[in-house]
Amino acid sequence: MERYILKYLYDSTTDSWRKRYYDYMKMRLDSTLWAYGAHRGVGNLERTIEHQENYVIPRKHSLKAISGILQRAIHRKFFTQRQLNHQVAIQQQLNDSKQIKYNNKVLCAFHLPWLLPDEAVRNINNIGVKVDFITDSNQSWSNAIQRMLQWYKRTELMPFNELIKDRYVSELKDIYNQLLADFSQTDYDAVLVCSTELFESKILIDVFKELRKISMELLHGIPAIDAKKEIARVDYYLVYGEKLRQNYIELGCDAKRIAVVGNSKYVRPFNIPKEVRCSLDDVLVLTSSTSSAYQFEWKYDDFSLNDRSILIAYLYNIESILKQNGVTYARLRPHPHIKKEWLCKYIDTDFYKIDNLELADSFNKATCCIGQNSTTVIEALLHGVSYIVYEPGDGKYSMTNAKLFPPYDGSDEGLRIANNEEELDKMIKSQYRPSPELGLLYIEPFKPEVIRDLLENSKNAKEPTCI
């Protein structure tokens with residue numbers, strides 16, 4: 001029996017568009033199966049439906065609950081849109097304030113929480129690349145984009161059996177054709193996405209491919225999944241540092257399609273500390289999420305575990321080892337997908353203090369970090385603080401059964417990994433410090449000229465680079 005229902009549906013049809021529909025809608029369809037539970041900070045689908053249908057307000061702290069509902073509604077309606085419109089305004093200001101000759105033009109399909117920093121947008125413009133944003137309502141294609149996004153939003157609370165009906169498959173095909181027609185009248189050179197897993201990213205990549213235009217993914221985090229699947233969907237995969245590029249080449253990825261563009265958060269040169277600090281004066285514990293609302297994989301046996309209890313066990317484990325080393329409290333920074341209020345019902349809140357600082361401020365305050373594999377490992381080094389990676393398991397897979405990739409699999413001599421309690425205890429006692437140079441190997445300052453050069457090379461190529 002095929003255990004993954006979406007793969008079963010995919011394999012059971014000979015309709016090529018319906019297959020594409022299942023692929024485009026993977027995150028939405030998966031969420032109907034896995035997006036539930038009070039532990040979720042975002043995307044608790046079943047709870048959302050309950051509120052939507054029954055207007056459920058908890059009996060305890062009802063005034064606080066009502067206030068929270070109103071605040072979230074206001075944020076969605078006003079502040080979120082303001083953030084999205086902000087980038088459009090920056091581009092317009094640059095167009096109006098000075099004459100820039102744009103030789104290339106890209107569509108940026110980023111959305112919250114991943115937005116290009118203002119200074120990164122300016123730097124891209126300054127080298128002659130114009131950026132239009134998917135949220136711009138004044139473009140010729142904006143009606144088609146809004147139709148696509150609104151259609152997707154309407155499907156959020158629909159049951160699985162409704163989503164797979166012919167009606168919705170046909171509606172999305174009609175929207176796709178409208179996008180294709182509208183973008184065929186534009187002069188874009190490429191579409192820029194932050195992930196190939198997102199609904200709108202998948203569609204726009206295919207639209208641009210059909211129009212013989214290129215697609216680029218600007219990395220939003222050092223992947224904990226097999227990047228080969230992401231690289232296979234786009235023409236160019238833009239990574240943070242040379243070490244990442246080499247790692248993917250060693251995995252068998254095409255070197256010509258992987259370019260080092262740096263991290264858009266760091267648009268100015270930064271200095272690598274000669275040595276990182278490591279003491280137990282102010283320990284910062286960071287976590288990943290141990291449950292997911294969707295799966296990156298299509299093969300059931302490759303799915304990671306969805307077990308929120310593992311996170312609690314992980315934090316208890318770290319607490320015990322820290323206490324053995326004389327630590328009486330630590331700051332805790334949960335993954336954004338984890339609801340802090342839920343977490344506080346399980347942990348010792350006399351020991352763990354929830355950290356609400358900005359990430360940079362949190363790193364600057366910390367004297368030692370402990371946590372799971374994440375881009376924050378490298379960012380901590382850039383802020384001069386040690387990060388002890390604790391990934392309980394066999395060193396090949398994380399505690400949620402996700403395959404580990406460099407540098408979190410122990411293959412990089414500059415970063416040791418603790419795979420059990422004894423190793424973590426030894427690294428704490430020895431005040432382990434990863435190599436500071438690892439920071440620059442994995443993250444470089446933003447280099448927008450790399451994007452420009454790829455666009456120019458693709459323009460000048462005799463044969464199209466589309467795949």
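Above this text you will find the structure in question.
Residues numbered from 1 in each chain as written. Predicted model: local features only at pLDDT ≥ 70, side-chain atom pairs only at ≥ 80, totals over all residues. Heavy atoms only, no water.

1. Here's the deal with the overall build of the protein chain
Rules: Each helix is a run of DSSP H or I of at least 4 residues and each strand a run of E of at least 2, with the numbering of both proceeding from the N terminus. We call two residues in contact whenever any of their non-hydrogen atoms come within 4.5 Å of each other. All accessible-area figures derive from a Shrake-Rupley calculation using a 1.4 Å probe, and residue coverage is judged against the displayed protein chains alone.
Looking only at helices and strands, the protein chain features 19 helices and 12 strands. Considering only contacts in the protein chain between residues 6 or more positions apart, those separated by 24 or more positions represent 71%. Taken as a whole, the protein chain presents about 22900 Å² of accessible surface, with 49% of it coming from carbon and sulfur.

2. Description of the sheet that holds strand 7 (residues 283–286)
Operational definition: In this analysis, strands are considered paired if DSSP registers two or more bridges between them. Working convention: axes come from line fits to C-alpha atoms, limited for helices to the stretch in contact. Angles between N-to-C directions cover 0 to 180 degrees.
Sheet architecture is open: six strands sit in the order 9-8-7-10-11-12, paired in parallel fashion. Two strands bound the open sheet, and with one partner strand each, they are strand 9 (352–354) and strand 12 (417–418). With three bridges connecting them, strand 7 and strand 8 (residues 330–333) associate as parallel partners. For Leu284, the partnering residue across the bridge sits in strand 8 and is Arg331. Sheet strands in contact with helix 13 (residues 308–324) are strand 7, strand 8, strand 9, strand 10 (368–371) and strand 11 (387–390), and its direction is about 160 degrees off that of strand 7.

3. Thoughts on a nonpolar patch on the surface
Selection criterion: Nonpolar side chains (Val, Leu, Ile, Met, Phe, Trp, Tyr) within 5 Å and like charges within 9 Å form the patches, drawn only from residues with over 30% relative accessible area and no salt bridge. Counted as salt bridges are all cases of a side-chain nitrogen of Lys or Arg within 4 Å of a carboxyl oxygen of Asp or Glu. Burial here depends on accessible area, computed with a 1.4 Å probe over protein chains only, as a share of the maximum for the residue type. Under 20% is buried, over 50% is exposed, and the range in between is partly exposed.
Nonpolar side chains collect at one region of the surface, where Ile5, Tyr8 and Leu33 lie side by side and expose about 260 Å² of accessible area between them. Examined against the element boundaries, Tyr8 turns out to sit in helix 1 (residues 5–12). When its relative accessible area of 46% is taken as the criterion, Tyr8 is described as partly exposed.

4. Concerning the state of the cysteines
Selection criterion: By convention in this document, the label disulfide applies to cysteine sulfur atom pairs within 2.5 Å.
Scanning all chains against the criterion turns up zero disulfides. Left unpaired, Cys108 is separated from the closest cysteine sulfur, that of Cys194, by 7.9 Å.

5. Thoughts on the pattern of salt bridges
A full pass over the atoms with the stated rule returns 28 salt bridges. Among the ionic pairs, Asp282 bridges to Lys365, the shortest N-O distance being 2.8 Å. Separated by 83 residues along the polypeptide, Asp282 in the loop between strand 6 (258–260) and strand 7 and Lys365 in helix 15 (residues 359–365) bring together distant segments of the chain. A relative accessible area of 8% places Asp282 in the buried class. On the basis of relative accessibility, which here comes to 42%, the residue Lys365 falls in the partly exposed class. Among the salt bridges present, the one from Glu444 reaches Lys447, with a minimum N-O distance of 2.9 Å.

6. Some points on the packing of aromatic side chains
Threshold: Here a pair means two rings of Phe, Tyr or Trp (six-membered ring of Trp) with centres within 6.5 Å. Their orientation is stacked below 30 degrees between planes, edge-to-face above 60, and tilted elsewhere. Note on criteria: charge over ring means Lys NZ or Arg CZ within 6 Å of the ring centre, with the direction from the centre no more than 35 degrees off the ring normal.
With the rule as written, the count across this model stands at 22 aromatic pairs. Judged by centre distance (6.0 Å) and plane angle (25 degrees), the rings of Trp151 and Phe199 are stacked. A residue pair is termed long-range when its members are at least 10 positions apart, and Trp151 in helix 7 (residues 142–154) and Phe199 in helix 10 (residues 199–210) qualify at 48 residues. Classification of Trp151 by relative accessible area gives buried; the value is 2%. Residue Phe199 is classed as buried on the basis of its relative accessible area of 2%. Clustering of aromatic rings is evident, with ring pairs tying together Tyr4, Tyr10, Trp34, Trp298, Tyr300 and Phe303. Directly above the aromatic system of Phe405 lies the positively charged group of Lys403, at a separation of 5.7 Å from the ring centroid.

7. Quick notes on the sheet that holds strand 3 (residues 190–193)
Taken in spatial order, the six strands line up as 2-1-3-4-5-6 in an open sheet, and their pairing is parallel. Each end of this open sheet is capped by a strand with a single partner; those strands are strand 2 (129–133) and strand 6. The sheet shows a mean angle of 25 degrees between the axes of neighbouring strands, taken without regard to direction. Note: strand 1 (residues 104–108) against strand 3, three bridges, orientation parallel. Bridge pairing in strand 3 links Cys108 to Leu192.

8. Regarding the packing of helix 2 (residues 16–24) against helix 9 (residues 166–183)
Convention followed: Roughly parallel means an angle under 35 degrees; roughly antiparallel means over 145; roughly perpendicular covers 65 to 115; every other angle is labelled oblique. Amino acids outside the nonpolar list (Ala, Val, Leu, Ile, Met, Phe, Trp, Tyr, Cys, Pro) and the charged list (Asp, Glu, Lys, Arg) are all regarded as polar, and Gly is one of them.
As a packed pair, helix 2 and helix 9 sit with axes 10 Å apart at the nearest point and diverge in direction by 90 degrees. As judged from the angle between their axes, helix 2 and helix 9 are roughly perpendicular. Residues Trp17, Arg18, Arg20, Tyr21 and Tyr24 of helix 2 pack against Asp166, Tyr168, Val169, Leu172, Lys173 and Tyr176 of helix 9. Across the contact of helix 2 with helix 9, the residue classes break down as seven nonpolar, no polar and four charged.

9. Some details on unusual backbone geometry
In this chain, Pro406 is followed by Pro407 through a cis amide linkage whose omega measures 5 degrees. Tracing the sequence through the fold places Pro407 in the loop between strand 11 and strand 12. At Asn401, a position not held by glycine, the phi torsion is positive, near 70 degrees. With respect to the secondary-structure elements, Asn401 resides in the loop between strand 11 and strand 12. Owing to a relative accessible area of 35%, Asn401 belongs among the partly exposed residues under this scheme. Positioned with a positive phi, Gln431 is a non-glycine residue whose angle comes to about 55 degrees. Of note, Gln431 is situated in the loop between helix 17 (421–429) and helix 18 (437–442). On the basis of relative accessibility, which here comes to 36%, the residue Gln431 falls in the partly exposed class.

10. Considerations on the nonpolar core
Here is the rule we go by: Grouping buried Ala, Val, Leu, Ile, Met, Phe, Trp, Tyr and Cys residues that are joined through side-chain atoms within 4.5 Å yields what is termed a nonpolar core.
Ranked by size, the top nonpolar core spans 69 residues in total, and within it Phe183 and Leu238 carry the most contacts. Setting aside its immediate chain neighbours within four residues, Leu238 contacts Leu192, Met216, Glu217, Leu218, Leu219, Ala259, Val261, Ile451 and Leu454.

11. Overview of the side chain of Thr287
Condition: What qualifies as a polar contact is a pair of N or O atoms within 3.5 Å, subject to a donor-acceptor requirement within protein and to the restriction that residues adjacent in sequence count only when both atoms come from side chains.
Here Thr287 shows up in the loop between strand 7 and helix 13. When its relative accessible area of 9% is taken as the criterion, Thr287 is described as buried. Within the local environment of Thr287, its side chain forms a polar contact with the backbone nitrogen of His335, the two atoms lying 3.3 Å apart. Beyond its immediate sequence surroundings of up to four residues, Thr287 is in contact with Leu311, Leu315, Leu332, Arg333, Pro334, His335 and Gln372.

12. Describing the pairing of strand 7
Note the cut-off: Handedness rule for crossovers: strands pointing away from the viewer, path from the first strand over the helix to the second running clockwise, crossover right-handed.
Where burial is concerned, the two faces of strand 7 agree: the one with Val283 and Val285 and the one with Leu284 and Leu286 are both buried. Both strand 7 and strand 10 contribute to a ladder of four bridges, which runs parallel. Its bridge partner lying in strand 10, Leu284 is registered against Cys369. In this fold, the crossover linking strand 7 to strand 8 by way of helix 13 has right-handed handedness.

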